[in-house]
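# Structural characterization, general
Residues per chain, in single letters:
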Amino acid sequence: MDLKKTLSIIKPDAIASKCQGKILDYLENKGFKVIAQKKLKLTRKQAEAFYEIHKDRPFFSELVDFMISDNISVQVLEAENAVSYYREVMGNTDPEKAEENTIRKLYGSNIQCNAVHGSDSEENAEKEISFFFNKIELIN
Ligand code: IDP
Ligand code: MG
């Protein structure tokens, strides 16, 4: 089995609606192992740095405001093909377009407040994991 890692964020909307536990339960039931986890509140600079690839998109400043509006919970998840598997169970960016029983369909509200983040490639997963976690936090 070729286990890989991906970075997950339970976003402020899902924390505020008390869906964190349900999402973690869902992920464990889908076979993901939570390797590392932390709760934090991003500063504006940190949120801007994390979403830097979107800095020229029209929704960038709204996205940053949303991501700093409350605590977030960040996880490193391990599974076979973790990146693509998490993208699949997370569902479409827009909860209205997401398939039934995906996290965003179940717990997302709209294209911005869509409950979770998941890395979009193995290369970005590595970068995003090291954005939030240092080496010692990932040894278990
Ligand atoms: P993804 O999270 O499915 O990978 P991205 O295109 O990478 O989607 O967008 C990052 C995040 O930016 C989304 O999860 C969502 O919170 C927000 N976002 C994306 N598109 C829009 C939009 O059209 N309006 C408002 N927010 C958006
Ligand atoms: Mg993305």
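Conventions and cut-offs
- Residues numbered from 1 in each chain as written.
- Chains lettered and ligands numbered in written order.
- Predicted model: local features only at pLDDT ≥ 70, side-chain atom pairs only at ≥ 80, totals over all residues.
- Heavy atoms only, no water.
- Pairing = 2+ DSSP bridges.
- Helix = DSSP H or I, 4+ residues; strand = E, 2+ residues; numbered from the N terminus.
- Near = heavy atom within 4 Å.
- Polar contact = N/O pair within 3.5 Å; in protein donor to acceptor, adjacent residues only side chain to side chain.
- Nonpolar A, V, L, I, M, F, W, Y, C, P; charged D, E, K, R; others polar.
- Buried < 20%, exposed > 50% of the residue type's maximum accessible area, 1.4 Å probe, protein only.

Note that strand E1 (residues 3-10) and strand E3 (residues 72-80) share 8 bridges and pair antiparallel. Within the sheet, the bridge partner assigned to Leu-3 lies in E3 and is Glu-80. When E1 meets strand E4 (residues 116-118), the two strands line up antiparallel, connected through 3 bridges. Directly across from Ser-8, in E4, lies its bridge partner Gly-118.

Turning next to the site of ligand 1. In the vicinity of ligand 1, the contacting residues are Lys-11, His-54, Arg-57, Phe-59, Leu-63, Arg-87, Thr-93, Arg-104, Ile-111, Gln-112 and Asn-114. Within the contact set of ligand 1, an oxygen atom lies 2.9 Å away from a side-chain nitrogen or oxygen of Arg-87. The backbone of Gln-112 places a nitrogen or oxygen atom 2.9 Å from an oxygen atom of ligand 1. For the shell around ligand 1, the residue count by class is 3 nonpolar, 4 polar and 4 charged.

Before going further, it helps to spend a moment on unusual backbone geometry. Working note: non-glycine residues mostly have negative phi, and peptide bonds are mostly trans. A positive phi angle is found at Asn-101, which is not glycine, with a value near 65°. Position of Asn-101 relative to the elements: it lies in the loop between helix H5 (82-90) and helix H6 (103-107). Here the phi dihedral of Ala-115 falls at roughly 75°; this positive angle occurs in a residue that is not glycine. Considering the arrangement of structural elements, one finds Ala-115 in the loop between H6 and E4. Overall, Ala-115 belongs to the buried group, its relative accessible area being 0%.

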